[in-house]
Amino acid sequence: MRAIQSLLAPESPIQDLRWKAGEAITRGPLPPRQRTPTGNGHDAIIDGTCGETVPPFAHSFSTHEPLSPRPAVDVENPVLTADAVSGHGDADFVADPFLFVEDGVWHLFFEISNRHRDPPAVIGHATSTDAGGTWSFTDVVLRTDTHLAFPYVFEWDGTQYMIPDRWDHLHGEPRDIKLYRATSFPDSWAEIATLVSPTHRLNDFVAFRFDDRWWGIGGDGRELYAYYSDALTATDWTPHRENPVVSNRPRGARPGGRPIVGDDRVLLFLQDCVARYGSKLRAFEVTTLTPTEYDDDEHPYSPVLEPDDAPLGWNAGKMHHIDPVYVDGRWRCAVDGNIGLQRAFGNHHWSIGIFDA
């Protein structure tokens, strides 16, 4: 009996072989479903608000909402896998991609996870000069004493900021939501404020400017919480009076990417955790958002991301994140996906792809 238990232990040779088989699937993608995108290329950000507000596209809602993303036809997905990164040992996966475009250079910030390290996850960075078709890893750009993921990067008043997800990988205790400012973009960041000190689990916090104040939304997969502040860098943002603003809704209660802000509503991307964590991504329209009221409705086009139909492949098991950037009159999106047959190969083999909407 002890011999069998040893063979099935988390770090046993059999389990290690099982895990490496999953990594091989990630590195060997199946051909994606193709769809010819509209538009005329990806050479420039045409929306004048890009890089100045959160998110980069903040005009009135239009037909350009990124609600039907498909694999980009001019790239080979996945564009970034664990074997392409360094600086954190032999990484298991890369996930939670966020884009930032500046002077023709595309920057990608993402989680690098290594289950053998303590803490397991740090924030990595890569660049692209062909609009996300190919990426060159640069380095780990943020490392602390806790697990880091979901590096929500944005610019406000000419300064770049990041709000990474911080969580206690050992005990599951709540961790403060901290704001970082770039001291030398993209590879040097300094902590400048604690936005929220939750007494409950609060993951994947997204901040945005709406109706002349700052808002932050995070969740735990069942409950969604909102906070607000007059100033981005203020400490202890005010909790919404009705927190949690959404209760017992596993199909949409944890952010899964950058929201899109319109004149009178906010489009939130929320993970569907009904079957399991992050199995697909849904879109919800926040139609009422004040310090005392909150209301949202699922968009008719939701879900916006689902696993690929193929039985194997880099995104055949789960898709739980999108970060859209508006280029040449259309959206280019960084997404992540997990392989299929996770019971056979392990739960976490995330990699990063590029979709168009």
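Criteria and thresholds
- Residues numbered from 1 in each chain as written.
- Predicted model: local features only at pLDDT ≥ 70, side-chain atom pairs only at ≥ 80, totals over all residues.
- Heavy atoms only, no water.
- Helix = DSSP H or I, 4+ residues; strand = E, 2+ residues; numbered from the N terminus.
- Buried < 20%, exposed > 50% of the residue type's maximum accessible area, 1.4 Å probe, protein only.
- Contact = heavy atoms within 4.5 Å.
- Areas by Shrake-Rupley, 256 points an atom, 1.4 Å probe, with all protein chains shown as cover.
- Polar contact = N/O pair within 3.5 Å; in protein donor to acceptor, adjacent residues only side chain to side chain.
- Core = buried A, V, L, I, M, F, W, Y, C linked by side-chain atoms within 4.5 Å.
- Phe/Tyr/Trp six-rings, centres within 6.5 Å; stacked < 30°, edge-to-face > 60°.
- Pairing = 2+ DSSP bridges.
- Salt bridge = Lys/Arg side-chain N within 4 Å of Asp/Glu carboxyl O.

Caption draft 1: Looking closely at the overall build of the protein. For the protein, the helix and strand inventory stands at three helices and 20 strands. Every one of the 357 residues in the protein was classed for burial, and the buried ones make up 57%. Counting only contacts in the protein whose residues sit at least 6 apart along the sequence, the fraction spanning at least 24 positions is 56%. Accessible surface, the protein as shown: approximately 14700 Å² in total, 47% of it carbon and sulfur.

Caption draft 2: Structural detail: the side chain of Thr81. As for its placement among the helices and strands, Thr81 is situated in the loop between strand S1 (70–71) and strand S2 (93–102). With a relative accessible area of 10%, Thr81 lands in the buried category. Polar contacts involving the side chain of Thr81 include one to the side chain of Asp83, which spans 2.3 Å.

Caption draft 3: How the structure looks around the nonpolar core. Residues Ile163, Leu195, Phe205, Leu224, Trp237 and Tyr294 are the most contacted members of the largest nonpolar core, which totals 39 residues. Dropping the residues within four chain positions of it, Tyr294 is found in contact with Ile217, Leu224, His240, Val245, Val246, Leu268, Val286, Thr288 and Leu289. Counting residues in each nonpolar core, the second largest holds 25 residues, with Ala72, Leu80, Ala82 and Leu108 among its members.

Caption draft 4: Summary view of the packing of aromatic side chains. Here the structure, examined in full by the defined rule, presents 16 aromatic pairs. On the numbers, 5.4 Å between centres and 50 degrees between planes, the contact of Tyr152 with Phe154 is tilted. When its relative accessible area of 0% is taken as the criterion, Tyr152 is described as buried. When the ring of Trp215 is compared with that of Tyr228, the centres are 5.3 Å apart and the planes differ by 50 degrees; the resulting orientation is tilted. Of this pair, Trp215 sits in strand S11 (residues 213–219) while Tyr228 sits in strand S12 (residues 224–229), placing them 13 residues apart in sequence.

Caption draft 5: Structural detail: the pairing of S2. Extensive coverage of S2 is indicated by the burial of nine of its ten residues. Two elements, S2 and strand S3 (residues 105–113), share eight bridges in a ladder whose sense is antiparallel. Note that in S3 the partner of Phe100 across the bridge is His107. Adjacent in sequence and paired antiparallel, S2 and S3 are bridged by two residues, among which Asp103 carries a positive phi angle near 55 degrees.

Caption draft 6: Inspection of the environment of Ala207 at higher detail. Mapped onto the elements of the fold, Ala207 is located in strand S10 (residues 203–210). A sequence separation of 51 residues divides Ala207 from Arg258, and the C-alpha atoms of the two residues are 8.6 Å apart.

Caption draft 7: View of the pattern of salt bridges. One pass over the full model with this rule turns up 14 salt bridges. A salt bridge links Asp296 to Arg249, with the shortest nitrogen-to-oxygen separation between them at 2.8 Å. Residue Asp296 is found in strand S17 (residues 294–298), and its partner Arg249 is found in the loop between strand S13 (238–239) and strand S14 (260–261); the two are separated by 47 residues along the sequence. A salt bridge links Arg332 to Asp356; the shortest N-O distance between them is 2.9 Å. Taken together, the residues Arg332 in strand S19 (residues 330–337) and Asp356 in strand S20 (residues 351–356) connect sequence positions 24 residues apart. We note that Arg332, like Asp356, is buried. Residues joined in a network through salt bridges with shared partners are Arg251, Asp272, Arg282 and Glu298.

Caption draft 8: View of the pairing of strand S18 (residues 322–327). Most of S18 sits out of view: six of its six residues are buried. Taking every second residue as pointing to the same face, both faces of S18 are buried, with Ile322, Pro324 and Tyr326 on one and Asp323, Val325 and Val327 on the other. Of the pairings in the sheet, the one linking S18 to S19 comprises six bridges and is antiparallel in character. Bridging from a neighbouring strand, Val325 pairs with Arg332 of S19.

Caption draft 9: The sheet that holds S20, seen in detail. Reading across the sheet, the four strands line up as S1-S20-S19-S18 and stay open at both edges, with antiparallel pairing between neighbours. Looking at strand neighbours, the two that pair on one side only are S1 and S18, the edges of this open sheet. Sheet topology note: the S19/S20 ladder contains six bridges and is antiparallel. From the neighbouring strand, Asp336 faces S20, where its bridge partner is Ile352.

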